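These are the residues of each chain, in order.
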Amino acid sequence: MDIRYEEQIKNCVDAYEKLLRGQLERAERMEKAAPAVDYTEKDRIVIGLIGGDGIGPIIMESAKKVLDVLLADKIRDGRCELRVIEGLTIENREACGKPIPDDVLTAIKACDVILKGPTTTPKGGTMESANVALRRELDLYANVRPVSVPEKGIDWTFFRENTEGEYVLGSKGVEIEGKLACDFKVTTDAGTRRICRAAFEFAKNNGKDNVAIVTKANIMKKTDGKFSRIANEIAADYPGIHAEDWYIDIMTANLVNEDIRSSFQVFVLPNLYGDIITDEAAQIQGGVGTGGSANIGDRYAMFEAIHGSAPRMIADGTSRFANPQSVIKASEMMLRHISFTKEADRLCKALEITTGPDAKVRIDGIVGATGAEYTDYLLSVL
Ligand code: IPM
Ligand code: MG
């Protein structure tokens, strides 16, 4: 072995030891976590609104208009507050060299739930994604993504683990220059238990009798092996629910296989597989602009569009055509999460009408309605 590498190897091993200790602490913190907040017991719920980057502020303006109307009474009674949080922009993040500026994080933590536009993440380098940092800082471990296409019999809910896997140390990999790079994937017992519990509880409470556990445990033996084993242990507590193990590669094929796809109901899967397959699923529903995404923890929850900040639409001047449906769908999920069920149902119905086959205003790239035109239509249906 070339002596030049010895020092680099030593540095990598030291870095790895620190990471391992940090992850062990995280695992132990999770084991001692407090029970989840009950929103029905709160006198006042603060909803933080974050614009984000690119098309984010444009689609978030639509969502805010919708929420202002839906929550007018509750805002007047002081039962709820819509609080705009500024400063989670790529310019600010780059200026302070942090994925979430400190003052922004403090403002976020003073809210109960957050509705957020997409944020830009630079490729390469070490700047962590704001999304990933928020999911970690607020411990939002369940990424819940529903996809439904009633006319095709599709009614799927994905429970994507949201705080570990390839993501938790995604910007902490090690490298031997000019030779190799090594990233880390982390799966904890407690982290797996809580996401699997969330998926099976959802199935039980929503009349579902099938949960697909999706991994690549034949290859990622330690991490995915653990995920699959623990998921099956949790499944044993739900005798009415059929749990089945699948590998992620064949599951991506299943979603486009019309013979079997409508038999799937609930999916539970590690972070990166969940990231990828939920884009595929959203595309089947009509595009990534149509999917809502809930990031749920025991103390906080954050709701967002499933897609990115679309810098291309800003660059080519077509951002007014950005589709706000995903972030509006996310608003519906948020209302449901905080037990504002009546308002959520009202929005759900309006979304169904305005995206259904008889819709009078249609978003369709740059040949359809603009986001603002669609929003006015939605408001008229509300
Ligand atoms: C998502 C997005 C994010 C992710 C990005 C923006 C960091 O793709 O929410 O699916 O990879 O989780
Ligand atoms: Mg994604």
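Located above this text is the structure these notes cover.
This report concerns the structure included in the present document. Note that the structure is predicted; figures quoted are calculated from it, not measured.

1. Describing the pattern of salt bridges
Thought 1: Summed over all chains, the structure comprises 30 salt bridges.
Thought 2: Lys226 is paired through a salt bridge with Asp189; the nearest N and O atoms lie 2.6 Å apart. With Lys226 in helix 8 (residues 223-235) and Asp189 in helix 7 (residues 189-205), this residue pair connects regions lying 37 residues apart in the sequence.
Thought 3: Given the relative accessible area of 29%, Asp189 is considered partly exposed.
Thought 4: Salt bridges sharing common partners tie together Lys329, Glu332, Arg336 and Asp345.

2. Regarding the site of ligand 1
Thought 1: Lining the immediate surroundings of ligand 1 are Ser129, Asn131, Arg135, Arg145, Arg160, Tyr167 and Asp275.
Thought 2: In the model, an oxygen atom of ligand 1 is placed 2.8 Å from a nitrogen or oxygen of the Asp275 side chain.
Thought 3: In the complex, the protein chains occlude 78% of the 320 Å² of accessible area that ligand 1 would expose alone.
Thought 4: By residue class, the composition of the shell around ligand 1 is one nonpolar, two polar and four charged.

3. Examining the sheet that holds strand 2 (residues 80-85)
Thought 1: Taken in spatial order, the ten strands of this open sheet run 2-1-3-12-11-4-5-10-8-9, and their pairing is mixed. Each end of this open sheet is capped by a strand with a single partner; those strands are strand 2 and strand 9 (242-247). Here the strands of the sheet are splayed against their neighbours by 20 degrees on average, with no regard to which way each runs.
Thought 2: Taken together, the six bridges between strand 8 (residues 210-215) and strand 9 define a ladder with parallel strand orientation. Opposite Ile213, over in strand 9, you have Asp245 as the bridge partner.
Thought 3: Sheet strands touched by helix 12 (residues 325-337): strand 1 (45-50), strand 3 (113-116), strand 4 (142-149), strand 11 (292-296) and strand 12 (301-305). Its angle to strand 12, the strand with the most contacts, is close to 160 degrees.

4. Here's the deal with the packing of aromatic side chains
Thought 1: Using the criterion set out here, one finds eight aromatic pairs in the structure.
Thought 2: With 4.3 Å between their ring centres and 15 degrees between their planes, Phe158 and Phe267 make a pair best called stacked. One end of the pair, Phe158, is in strand 5 (residues 154-161); the other, Phe267, is in strand 10 (residues 266-269), with 109 residues separating them in the sequence. The burial state of Phe158 is the same as that of Phe267; both residues are buried.
Thought 3: Arranged with centres 5.5 Å apart and planes meeting at 80 degrees, the rings of Trp246 and Phe264 form a pair that is edge-to-face. One end of the pair, Trp246, is in strand 9; the other, Phe264, is in the loop between helix 9 (248-254) and strand 10, and 18 residues separate them in sequence.
Thought 4: Of the residues examined, Phe264 reaches a relative accessible area of 3% and is grouped as buried.
Thought 5: Three or more aromatic residues link up through ring pairs in this structure, and these residues are Trp156, Phe158, Trp246, Phe264 and Phe267.
Thought 6: The ring of Tyr300 carries Arg299 above its face, with NZ or CZ at 4.2 Å from the centroid.

Thresholds, definitions, all that
- Residues numbered from 1 in each chain as written.
- Chains lettered and ligands numbered in written order.
- Predicted model: local features only at pLDDT ≥ 70, side-chain atom pairs only at ≥ 80, totals over all residues.
- Heavy atoms only, no water.
- Salt bridge = Lys/Arg side-chain N within 4 Å of Asp/Glu carboxyl O.
- Helix = DSSP H or I, 4+ residues; strand = E, 2+ residues; numbered from the N terminus.
- Buried < 20%, exposed > 50% of the residue type's maximum accessible area, 1.4 Å probe, protein only.
- Near = heavy atom within 4 Å.
- Polar contact = N/O pair within 3.5 Å; in protein donor to acceptor, adjacent residues only side chain to side chain.
- Areas by Shrake-Rupley, 256 points an atom, 1.4 Å probe, with all protein chains shown as cover.
- Nonpolar A, V, L, I, M, F, W, Y, C, P; charged D, E, K, R; others polar.
- Pairing = 2+ DSSP bridges.
- Axes fitted to C-alpha atoms, helices over the stretch in contact; angles between N-to-C directions.
- Contact = heavy atoms within 4.5 Å.
- Phe/Tyr/Trp six-rings, centres within 6.5 Å; stacked < 30°, edge-to-face > 60°.
- Lys NZ or Arg CZ within 6 Å of the ring centre and 35° of its normal.

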